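Summary of the model geometry
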Amino acid sequence: MKTDLLFLFAVLISFTSLAQVKTGVISSTVKDSKNEAIIGATVRLLKTTDTAVVTTKMTDGDGKFQFINVDIGVYILKITAVGKKEFSSVPLHVMDSKGINLPMIILFPAKSTELNEVVIKAKRPLIQMEIDKTVVNVDAMISSASSNTLEVLEKTPGIVINSGGDITLNGRSGVMVLIDGRPTYMSGQDLSLYLKSLPGSLLDKIELMDNPPARYDASGNAIINIKLKKNRIGGFVGSIATGYSQGKYGKSNNSLNLNYNYKKINLFGSMGYSYEKSYSNDNFTRNFFDVNNVPTSTVFLMNRQKSKSEGLNTNLGLDYASTPNTTYGIQLNLNDNKNNEVLNYYSDNYSAGQLDNIGKGHTYGDNNRTNLGTNINFLHKFGKTGKELSADINYLNYRSTGNQSLINNQDQFFYNLPSKINIYTAKADYVQTIKNNARFEAGFKSSFVINDNKSDYYNITDQGQVIDNGKSNHFKFRENINSAYINAQKGWKYLSVQLGLRLENTQSKGQQLGNEIVQQSEFSKNYTQVFPTLFLNYKFDTVGRNTLNFSISKRINRPNYQYLNPFLFFRDRYSYTVGNPELTPQYQFRYELKYQYKQLLRMGLSYNRFTDVIFQTTKVVDDVFIKKPENVAFGYMLLLNNSISLTPKEWWSLNLELQFSKMGLNGMAYGEKLNPSTYVARIGAYNQFQFKKGWSAELNSYYASRDLNGQSFTSGMYRVNAGIQKKIWKDKGSIRINMDDIFHSWVYENRSVGLARAYSFQISASDTQRLGIALTYRFGKEVFKRKSKYTNHTLDEEKSRM
């Protein structure tokens, strides 16, 4: 082990010293005919031999741009900006590393016909394929303004959200969800409720990373980074959006974004309000057998659930550029969510084919959640040396005051469920760009988590509420993770290599405090792991039209905090869930070969091997199904992932997402062998249409074949969404109308697998068929560019485990 680490470290350091072909710099400033800097102009560097685009830059707040690491050769520049004529330079000869500093470039006004052409071309596509991630531009999704963030994710290629609220990316569960680089500290139903409280109009883009580098926390089988809108072009600018959608019940999503930039100070903020009422209908058929597999009894169970939620999200931030190279920032986020659920259930019990009894009951739940997050950050660039240092400190306070009551033919009880979590994190990152197309990164992170969950169980009697200590629980969990990483990149003319190494030490302690009936218990864990990453990228041509990428990585999926809590949660008379404090982390080893041709085609073949898989098992006790997370020995997934972007007509763009996989498990659950496997196909077609006079439309369809979710197979299902948009008020506003799940076909059918002497079939439908309408408007005068491009990944792991 030590030999391997020393070898890898030596390789990383050696990359910075390899001699390569000399490179140069091309730079200049772009202004208009009034001598004012043009911000955000697109500058393309092209080879004179075949006019192929080498790379692209955007001018900064002073109208400046700079291309570094330019290979020796002959190039031309092409510069475009909204409302300006295109500029083409004379041939530029890069002879050595001194570079070329061009005189000021002036862009002159274009005619109206040219302006229209530029505006159409500047529209961001729905999907952009990059070699290390897929970027989904949310504003290009017409239905986003009338949807919440969870619904936007459901419509995002590669993402599937099951009926329990668990999110998967390209078939992998245990996904880390980030908001602006910071995790949500939630999972399952808690994460679903939080994402429902965020209007989709707050979102700028969604980044999907199958295989993140060593800079990110090693936790999570994949990463979904949701980036909120932050206007990088200053002055006083803003946007407002309001949307309403109607299914069986109504939903409303509204947002306001503001940005003000004056000299060294940049203020930004956003506010979102959402209201939702929804339903879900679940029908279960559960069959029970004796030791000889002879049917003994059957339960027919109907669950009818209605829920209401109201969410308010506020985000405020300040960037202060004390010098041209140093920026300080502070952010404050407050999220408040109120949720109410009513579940009515009805059951028919049969024994030996005869109706034995009829039951009914009601479960009521109320939950008020408040998240308060603060962040202080720092960014310093060491002049033009290519060195950069960033640091930040985060504090997050999560509080929940919930209760649950259940009334049926046999019992009446009440649960009081307060919980609170305090999370403290600090990190620092150093980046150094080295000549000859090399780069070195290093950093560290430390996090402290204090989790306090209490559940007081009360029997409801004629004398009132009487506490039952035998069913009550008080669970505390503390965790400290310290990590450090190094990452090195080196590029040649055709080949580039990136090697990373991340070291993480985890110390945790869990305590069940106990009471006069329940005995106190505790556990402690202390483990250290190394997580290497390797990326090899080969260009078949000098401009990177055809690229081949190979990667290897190791990642960890720690159990989320709720999974470790032994608290028993009641859904109905026949369905419970319980945590497991004995869970151990799950590990993933991933090998992937990926090919990309421009923005037209990307194909990836990966093999994922999982050990100690964290899996939701189902234990049958009499006629009750108890779900509990357990570690299953081994799991695997072989995935072929294809993305195709086409333009059949100049007004029509089409993205096809084709995924085919084979997945399976091999382990034991409650004495039963658990080795299910299945072939899975996911096919998505995303059509975008651009018409004249500000009209546009979208038509999207998605099909998912049979899938494995916990101890059940989910049958194939599909959905079709459509939308239309009209730009108004000189293209600063829009009216959008959309229809989701047009045929109401997104219905779950689950069949159990590997249950001990039991079989279950479930049909689940919810309020997915909806008609929405939204209004959006941008306002303000754009003058300066936002000073900070700081990205915070400090809370990456902890939030994803709440």
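Our structure is the block above this text.
These figures come from a predicted structure and were not determined experimentally.

Bringing the overall build of the chain into the picture now. Regarding its fold elements, the chain presents five helices and 47 strands. Looking at the chain as a whole, 52% of its 802 residues qualify as buried. For the chain, contacts bridging at least 24 residues in sequence account for 67% of all contacts bridging at least 6. Of the roughly 35,900 Å² of accessible surface on the chain, a fraction of 57% belongs to carbon and sulfur atoms.

Time to look at the sheet that holds strand β11 (residues 134-137). The sheet built from six strands is open, its strands ordered β10-β11-β16-β17-β14-β15 with mixed pairing. Each having just a single partner strand, β10 (127-129) and β15 (182-183) make up the two edges of the open sheet. In terms of strand pairing, strand β14 (residues 176-179) meets β15 through two bridges, oriented antiparallel. Looking at the pairing, Leu178 lines up with Pro183 of β15.

Among the structural elements, Thr314 can be located in strand β21 (residues 295-323). For Thr314, a relative accessible area of 18% puts it in the buried group. Setting aside chain neighbours within four positions, we find Thr314 in contact with Ser270, Met271, Leu332, Asn333 and Leu334.

A few words now on the pairing of strand β40 (residues 695-704). As judged from the nine bridges shared by strand β39 (residues 677-690) and β40, these two strands associate in the antiparallel manner. Within β40, the position partnered with Asn687 by the bridge is Leu699. Turn length for the β39-β40 hairpin, with the two strands adjacent in sequence and antiparallel, is four residues, and the turn residue Lys693 shows positive phi of about 60°. Of the pairings in the sheet, the one linking β40 to strand β43 (residues 717-728) comprises ten bridges and is antiparallel in character. Considered in β43, the bridge of Ala704 is made with Met717.

Turning to the nonpolar core, a few remarks are in order. In this structure, Leu153, Ile167, Leu195, Ile206 and Ile224 are the most contacted members of the largest nonpolar core, which totals 35 residues. Mapped by element, the contributors of at least two residues to this core are α3 (149-154), β12 (159-161), β13 (167-169), β14, α4 (188-196), β16 (203-209), β17 (223-228) and β40. Excluding residues that lie within four positions of it along the chain, Leu153 makes contacts with Ile159, Ile161, Ile167, Leu195, Ile206, Ile224 and Ile226. Counting residues in hydrophobic clusters, the runner-up holds 20 residues, among them Phe413, Phe567, Tyr576 and Val578.

Next up on the list: the side chain of Asn721. Within the secondary structure, Asn721 sits in strand β43. Among the residues examined, Asn721 registers a relative accessible area of 9% and is labelled buried. Apart from the residues within four sequence positions on either side, Asn721 is in contact with Lys155, Glu698, Leu699, Asn700, Met739, Asp740, Asp741 and Ile742.

This next bit is on the pattern of salt bridges. For the structure shown, the criterion picks out 23 salt bridges. Of the charged contacts in the structure, one is a salt bridge between Lys155 and Asp740, with a shortest N-O distance of 2.8 Å. A residue pair is termed long-range when its members are at least 10 positions apart, and Lys155 in the loop between α3 and β12 and Asp740 in strand β44 (residues 733-740) qualify at 585 residues. For the pair Lys155 and Asp740, a shared accessibility class is recorded, and that class is buried. In this structure, Arg215 engages Asp429 in a salt bridge whose closest nitrogen and oxygen atoms are separated by 3.9 Å. Here Arg215 is found in the loop between β16 and β17, whereas its partner Asp429 is found in strand β25 (residues 412-434), with 214 residues between them in sequence. Overall, the relative accessible area of 4% leaves Asp429 in the buried class.

With that settled, consider the environment of Ala722. Inspection of the secondary structure puts Ala722 in strand β43. Taking C-alpha positions, Ala722 is 4.4 Å from Leu699, a pair spaced 23 residues apart along the chain. Setting aside residues no more than four positions away along its own chain, Ala722 makes contact with Glu698, Leu699, Ile737, Asn738, Met739 and Ile742.

Turning to the packing of aromatic side chains, a few remarks are in order. Applying the stated rule across the entire model yields 28 aromatic pairs. Ring centres of Trp651 and Phe691 lie 6.1 Å apart, and the angle between their planes is 35°; on these two criteria the pair is classed as tilted. One end of the pair, Trp651, is in the loop between β36 (624-649) and β37 (652-669); the other, Phe691, is in the loop between β39 and β40, and 40 residues separate them in sequence. Judged by relative accessible area, Trp651 falls into the partly exposed class, the value being 37%.

Turning to unusual backbone geometry, a few remarks are in order. If you check the backbone angles, Ala352 has positive phi at about 55° while not being a glycine. At Asn436, a residue that is not glycine, the phi angle is positive and equals roughly 65°. Note on placement: Asn436 falls in the loop between β25 and β26 (438-461).

So, about a positive patch on the surface. A cluster of like positive charges, contributed by Arg399, Lys420, Lys476, Arg478 and Lys509, occupies part of the molecular surface. Position of Lys509 relative to the elements: it lies in strand β29 (residues 495-512). When its relative accessible area of 34% is taken as the criterion, Lys509 is described as partly exposed.

Turning our attention to the environment of Gly235. Note that Gly235 resides in strand β18 (residues 233-246). Spatially, the C-alpha atom of Gly235 lies 9.0 Å from that of Asn266, the residues being 31 residues apart in sequence.

Each value, and the rule that gives it
Sequence positions are assigned chain by chain, starting from 1 and proceeding in written order. Where local features are concerned, this predicted model is filtered to residues with pLDDT of at least 70; where side-chain atom pairs are given and counted, the filter is 80 or more; whole-chain, interface and lining totals use all residues. Neither water nor hydrogens contribute to the side-chain values; these are computed over all heavy atoms in the structure. Labels follow the DSSP assignment, with helices taken as runs of H or I lasting at least four residues and strands as runs of E lasting at least two, numbered in each case from the N terminus. The classification of residues rests on relative accessible area computed with a 1.4 Å probe and restricted to protein chains. Under 20% of the type maximum is buried, over 50% is exposed, and intermediate values are partly exposed. Contacts: residue pairs with any heavy atoms within 4.5 Å of one another. Accessible surface area values rest on a Shrake-Rupley calculation with a 1.4 Å probe, where residue burial reflects the displayed protein chains alone. A pair of strands is treated as paired once DSSP finds two or more bridges between them. Here, the term nonpolar core denotes a set of buried Ala, Val, Leu, Ile, Met, Phe, Trp, Tyr and Cys residues that are joined through side-chain atoms within 4.5 Å. Should a side-chain nitrogen of Lys or Arg be within 4 Å of a carboxyl oxygen of Asp or Glu, the pair is scored as a salt bridge. Classification of ring pairs uses Phe, Tyr and Trp, with its six-membered ring standing for Trp, and accepts pairs whose centres are within 6.5 Å; under 30 degrees between planes counts as stacked, over 60 as edge-to-face, and the remaining range as tilted. Like charges are joined within 9 Å and nonpolar side chains (Val, Leu, Ile, Met, Phe, Trp, Tyr) within 5 Å, but only among residues with over 30% relative accessible area and no salt bridge; these make up the patches. A positive count includes Lys and Arg, and a negative count includes Asp and Glu. His and the chain ends are not counted in either. Every charge is mapped onto a representative atom, which is NZ of Lys, CZ of Arg, CG of Asp or CD of Glu.

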